[in-house]
Amino acid sequence: MSGGLRAQSEGKAFEDLFEETCIQKRIAVTRIPNGCRRTGPRPSDLIQIRSPYDWALSFQGRSAMIDTKSWAEKTLSPCRVNEHQVDSLEPHGKQGVTAGYVIWFRRFDLI
């Protein structure tokens, strides 16, 4: 399996584990899907729209907006953070909502 496909597969496994854990802990969890925008009349006239972040969570009157990452390296460098996600998460954080990343560092098996 190529490195990119392996990383994608491991990322999907982490997302599945994250969602399952939330459900087990009775945290309301909603996956924010990627979308698309129509650019013309034909069905093929679609472009993918990236999601602002991966998850909206609620528990006992508190909410969190979260993006999950699966990472092979030892640290997460700022250049690898998606600016559009930070731009989407930041206003929620400024309003007192927990907003940010949950990262699985695969090399150390730490979250």
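Everything numeric here is computed off the predicted structure, so don't read it as measured data.

A. The packing of aromatic side chains, seen in detail. With the rule as written, the count across this model stands at two aromatic pairs. Residues Phe14 and Trp104 carry aromatic rings whose centres are separated by 5.8 Å and whose planes lie at 40° to one another, so their mutual orientation is tilted. On the criterion of sequence distance, the pair formed by Phe14 in helix α1 (residues 3–24) and Trp104 in strand β6 (residues 98–105) is long-range, its members being 90 residues apart. On the basis of relative accessible area, Phe14 is assigned to the buried category, the value being 4%. Ring geometry for Phe18 and Trp55: centres 5.3 Å apart, planes at 45°, overall tilted.

B. Layout of the layout of surface pockets. Its volume calculated, the largest pocket comes out at about 670 Å³. Counting residues per element, the ones that place at least two in the lining of the largest pocket are α1, β5 (62–71) and α2 (83–94). Broken down by element, the residue count for the lining of the largest pocket peaks at seven residues, all from α1. Classifying every residue of the lining of the largest pocket gives six nonpolar, eleven polar and nine charged.

C. Quick peek at the side chain of Asp67. Within the secondary structure layout, Asp67 lies in strand β5. Overall, Asp67 belongs to the buried group, its relative accessible area being 1%. Polar contacts involving the side chain of Asp67 include one to the side chain of Lys69, which spans 3.1 Å. Look past the residues within four positions of Asp67 in its chain and what remains in contact with it is Tyr53, Asp54, Gln85, Gly100, Tyr101 and Val102.

D. Spotlight on the nonpolar core. One finds Phe18, Cys22, Val29, Trp55, Leu57, Ala64 and Ile66 forming the largest nonpolar core, which totals seven residues. Listing elements by their share of this core, those giving two or more residues are α1, β4 (55–59) and β5. Not counting the four nearest positions on each side in its chain, Trp55 is found in contact with Glu15, Phe18, Glu19, Val29, Thr30, Arg31, Ile32, Ala64, Met65, Ile66 and Thr68.

E. Spotlight on the pairing of β4. As defined by bridge partners, strand β1 (residues 28–31) adjoins β4 across four bridges and the pair is classed as antiparallel. Paired with Val29 across the bridge in β4 is Leu57. In the sheet, β4 pairs with β5 via five bridges, with the strands oriented antiparallel. The residue of β5 that forms the bridge with Trp55 is Ile66.

Thresholds, definitions, all that
- Throughout, residues of each chain are indexed from 1 in the direction in which the sequence is written.
- Thresholds applied to this predicted model are a pLDDT of at least 70 for local features of residues and 80 or more for the giving and counting of side-chain atom pairs; totals over whole chains, interfaces and linings are not thresholded and use all residues.
- Side-chain descriptors were evaluated using all non-hydrogen atoms of the structure, hydrogens and water having been removed beforehand.
- Each Phe, Tyr or Trp ring (for Trp, its six-membered ring) is paired with any other whose centre lies within 6.5 Å, and the angle between the two planes then decides the class: stacked below 30 degrees, edge-to-face above 60, tilted in between.
- Secondary structure counts use DSSP, requiring at least four H or I residues in a row for a helix and at least two E residues in a row for a strand, with both numbered from the N terminus.
- Exposure is judged per residue with a 1.4 Å probe applied to protein chains only, and the accessible area is read against the type maximum: over 50% gives exposed, under 20% gives buried, and values in between give partly exposed.
- In the cavity and pocket records, a cavity denotes points on a 1 Å grid over the protein atoms alone where a 1.4 Å probe fits but cannot get out, a pocket denotes an open set with protein on both sides within 12 Å along at least 5 of 7 lines, and lining residues are residues with an atom within 4 Å of a point.
- Grid points are joined across faces, edges and corners, and a volume is the space filled by probe spheres set on the points.
- In this count, Pro and Cys sit with the nonpolar residues alongside Ala, Val, Leu, Ile, Met, Phe, Trp and Tyr, while Asp, Glu, Lys and Arg are called charged and the others, Gly among them, polar.
- Side-chain atoms alone can form a polar contact between residues adjacent in sequence; in general such a contact is a pair of N or O atoms within 3.5 Å, and within protein one must be able to donate a hydrogen while the other accepts it.
- Residue contacts are defined here by distance: any two heavy atoms, one from each residue, within 4.5 Å place the two residues in contact.
- Among buried residues, the Ala, Val, Leu, Ile, Met, Phe, Trp, Tyr and Cys ones that are joined through side-chain atoms within 4.5 Å form a nonpolar core.
- Strands qualify as paired when DSSP identifies two bridges or more between them.

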